[in-house]
Amino acid sequence: MSTQRTAAGLREKADKYTEFVSGGFGKDLAKRLGLPQPAILRRYSPGAPLVEGPILVVGKGAGSDAVANVLLDWHQDVRRHATPKEKLGAIVVVLDELGHPGELSEPMLAVGSALRDLNKNARVVSISRPAATGDAPAVAAARNGIDGIIRSLAKELRAGATANGVLLANGVAPASPSAMSALRFFLSGRSAFVDGQFLTASTEGTKEQAGWEKPLKGNVAVVTGAARGIGAAIARTLARDGATVIAVDVPSAGDHLAAVANEIHGTALQLDITNTDAGQRILDHALGRFGRLDIVVHNAGITRDKLLANMDAARWDSVIAVNIAAQLRMNEAFLASKDFAKNSRIISVASTSGIAGNRGQTNYAASKAGVMGLVRATAPLLAENGGTVNAVAPGFIETDMTAKIPFATREVARRLNSLQQGGKPSDVAEAIAYFAQPAAAGVTANILRVCGQNLVGQ
Ligand code: NAI
């Protein structure tokens, strides 16, 4: 099996089928037989252009002008009207002033007429307000309509293109730093496997960030379950973005853990996160070595699948202990520490199983849905001091774990999304690295699916 080198320096397996249908005979064959034709996705690498081609900004209000100006500040080639036949890298549609569903027609038809000119791996991003209790019914109808539009458009786009949306909480301006950080994430290759999703900017946020290439410079991050798989990718991506990383895993994974830590010039901490003093051990390590702890990534997780009718206490209890009880206990220790008090970030790895449910995974889904509850309830506790807490919910990701699934089941599972392929560990890692950025300071309590718009669940 061939491999691709990502920006994180991680060698990841490329999916053979996707390569086969990407050119020549394989492409023709797949077309004739009506087989899925997944695109090779554009993934982020430092220094690469944000998007490949001009960005068309659709919208009439002051918000769209302000967003266009931010894109110009980022040295993007911005269009306010489509030029026939000109290939576009992205379309940004600003709809923050909607009062009635009838007002969706003009901007969306303008987007529609530009879709044929999209380059491969292009982006469509909406910026709008979520429907809220207290909205006039017509306003709520218009705002909610965007949800249906983006989720449907994501299913219509081809060739690696995606559609996602930024939601602006009450009082947050379209061009606020937090909304613009979310827009930048969606436009860039960092969001390659994020499709049909929304990020909410809860507050204005801040512009204070050491550039876009090393946004985590000066920060100290801890990643649990970092010896392999998604955790190792997260550790590498945070290090690439400038963070000093403490890689945590169980002692039995010590060799792999040391290899990851050495590669990224971080430190290794052998620790079972179910130990009652795990949070304090992490704090002691971080403060003792580096004098600070800024970012916590709760990635370690296990599965012990069984139908509920056949479930035993050992399977149930171990999944709850690792996947959720340990996070709750560690967070208590972090929140009680004044050294983790200011502008801190907690990011948890959930799962689409916790959203849509999965046969044989009542225990796992309980823990992952539990993670989402924890995130929403912890957000206000961190907000007082400028901290955020978010979760990423991966869908089918190509890891050692999913490689063990029998071929036919795996093949179906990995194609059941709008991008018709599995994601890579780095796709999950990029979303986590985004939430860790200073520019995402106003983005909290989000559950972001990294699933290629999996057709199961919402
Ligand atoms: P993995 O099994 O390859 O890696 C998990 C790591 O966590 C291992 O290195 C393991 O030693 C460590 N770990 C387990 N228990 C621990 C403990 N008590 N203390 C410290 N470390 C511990 O799993 P993978 O696939 O990389 O998954 C990472 C996270 O992503 C998990 O939370 C998983 O539930 C989640 N996820 C994975 C998906 C996939 O398709 N692979 C899909 C959705 C979610």
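Owing to the predicted nature of the structure, the values given are computational and were not obtained by experimental measurement.

**Student:** How do you make sense of the site of the ligand when you look at a structure like this?
**Tutor:** Not every one of the 26 residues close to the ligand is listed here, only the nearest: Arg228, Ile230, Asp249, Asn299 and Tyr364. Between Ile230 and the ligand, the recorded distance is 2.8 Å, taken from a backbone N or O atom to an oxygen atom. Across the complex, the protein chains shield 92% of the 840 Å² of accessible surface that the ligand would expose by itself. Put simply, the parts of the chain that give the shell around the ligand at least two residues each are α7 (229-240), α12 (362-383) and α13 (400-403). Within the shell around the ligand, the residues separate by chemical class into 14 nonpolar, eight polar and four charged.

**Student:** Looking at this structure, I do not really get helix α6 (residues 177-187). What am I missing?
**Tutor:** Every α-helix winds through 3.6 residues per turn, so residues three or four apart in the chain are directed the same way. For α6, the tally of buried residues reaches eleven of eleven residues, placing the bulk of the element in the interior. Here α6 has its buried residues at Pro177, Ser178, Ala179, Met180, Ser181, Ala182, Leu183, Arg184, Phe185, Phe186 and Leu187.

**Student:** Would you explain helix α5 (residues 137-156) in this entry?
**Tutor:** Taking 1.5 Å of rise per residue, 20 residues should cover 28 Å, and α5 covers 29 Å from first to last C-alpha, within 8% of that figure. Among all positions of α5, only Val139, Ala140, Ala142, Arg143, Ile146, Ile150, Leu153 and Ala154 are buried. Looking at the buried residues of α5, the elements they touch are β5 (88-95), β6 (118-128), β7 (162-168) and β8 (198-201).

**Student:** Would you explain the sheet that holds β6 in this entry?
**Tutor:** The strands making up a sheet associate through hydrogen bonds between their backbones, and the pairing can be parallel or antiparallel. In spatial order, the strands read β4-β3-β5-β6-β7-β8; together these six strands make up an open sheet with parallel pairing. Both edges of this open sheet fall to β4 (78-79) and β8, since each of them pairs with a single strand only. Where strand β3 (residues 55-58) lies against β5, four bridges are found, and the strand directions are parallel. Bridge pairing in β5 places Leu56 opposite Ile91. Helix α4 (residues 105-114) contacts β3, β5 and β6 of the sheet and is inclined by roughly 175 degrees relative to β5.

**Student:** Would you mind showing me how to read the environment of Val51 here?
**Tutor:** Its place among the elements puts Val51 in the loop between α2 (24-33) and β3. Measuring from C-alpha to C-alpha, the distance between Val51 and Ile150 comes to 19 Å, with 99 residues separating the pair along the chain. Once residues lying within four places of it in the same chain are set aside, the contact partners of Val51 are Arg42, Gln76, Gly89, Ala90 and Leu187.

**Student:** Looking at this structure, I do not really get the nonpolar core. What am I missing?
**Tutor:** Nonpolar side chains in soluble globular proteins tend to be buried together. Grouped together as the largest cluster of nonpolar side chains are 70 residues, with contacts concentrated most on Leu71, Leu183, Leu187 and Leu238. In terms of residue count, helix α15 (residues 425-436) provides more of this core than any other element does, eight residues in total. Of the residues that make up this core, three or more belong to each of domain 1 (48-201) and domain 2 (220-450). Look past the residues within four positions of Leu183 in its chain and what remains in contact with it is Val67, Leu71, Trp74, Val92, Val125, Ile127 and Val166. Of all hydrophobic cores here, the second largest spans 35 residues; its members include Ala286, Tyr364, Val371 and Ala393.

**Student:** Teacher, can you tell me more about the environment of Pro394 here?
**Tutor:** Note on placement: Pro394 falls in strand β14 (residues 388-394). Contacts of Pro394, omitting those with residues within four sequence positions, involve Val349, Ala350, Ser351, Thr352, Val428 and Val450.

**Student:** Would you take a moment to explain the packing of aromatic side chains for this structure?
**Tutor:** Two aromatic rings, taken as a pair, are described by how far apart their centres are and by the angle between their planes. Enumeration according to the criterion identifies five aromatic pairs in this entry. For the ring pair Tyr434 and Phe435, a centre distance of 5.5 Å and an interplane angle of 45 degrees mean the geometry is tilted. Across this residue pair, the class does not change: Tyr434 and Phe435 are buried. Members of the aromatic cluster, joined through ring pairs, are Phe185, Phe186, Tyr434 and Phe435. Over the face of the ring belonging to Trp74 we find Arg184, whose NZ or CZ atom lies 4.8 Å from the ring centre.

**Student:** For this particular structure, what's the right way to read the sheet that holds strand β12 (residues 295-298)?
**Tutor:** An order of β11-β10-β9-β12-β13-β14-β15 is seen for the seven strands of this open sheet, with the pairing classed as parallel. What marks the edges here is a single partner per strand, and that holds for β11 (267-270) and β15 (447-450). In this sheet, neighbouring strand axes are inclined to one another by 20 degrees on average, regardless of whether the strands run parallel or antiparallel. The pairing of β12 with strand β13 (residues 345-349) spans four bridges and is parallel. In the strand pairing of β13, Val296 is matched with Ile346. Along the sheet, α7 makes contact with β9 (220-224), β10 (244-249), β12 and β13, crossing β9 at roughly 170 degrees. Most of the contacts of helix α8 (residues 254-263) go to β11, to which it runs at about 160 degrees, and overall it touches β10 and β11.

Criteria and cut-off values
Residues numbered from 1 in each chain as written. Predicted model: local features only at pLDDT ≥ 70, side-chain atom pairs only at ≥ 80, totals over all residues. Heavy atoms only, no water. Near = heavy atom within 4 Å. Polar contact = N/O pair within 3.5 Å; in protein donor to acceptor, adjacent residues only side chain to side chain. Areas by Shrake-Rupley, 256 points an atom, 1.4 Å probe, with all protein chains shown as cover. Helix = DSSP H or I, 4+ residues; strand = E, 2+ residues; numbered from the N terminus. Nonpolar A, V, L, I, M, F, W, Y, C, P; charged D, E, K, R; others polar. Buried < 20%, exposed > 50% of the residue type's maximum accessible area, 1.4 Å probe, protein only. Expected span 1.5 Å × (residues − 1). Contact = heavy atoms within 4.5 Å. Pairing = 2+ DSSP bridges. Axes fitted to C-alpha atoms, helices over the stretch in contact; angles between N-to-C directions. Core = buried A, V, L, I, M, F, W, Y, C linked by side-chain atoms within 4.5 Å. Domains from an automatic or database assignment. Phe/Tyr/Trp six-rings, centres within 6.5 Å; stacked < 30°, edge-to-face > 60°. Lys NZ or Arg CZ within 6 Å of the ring centre and 35° of its normal.

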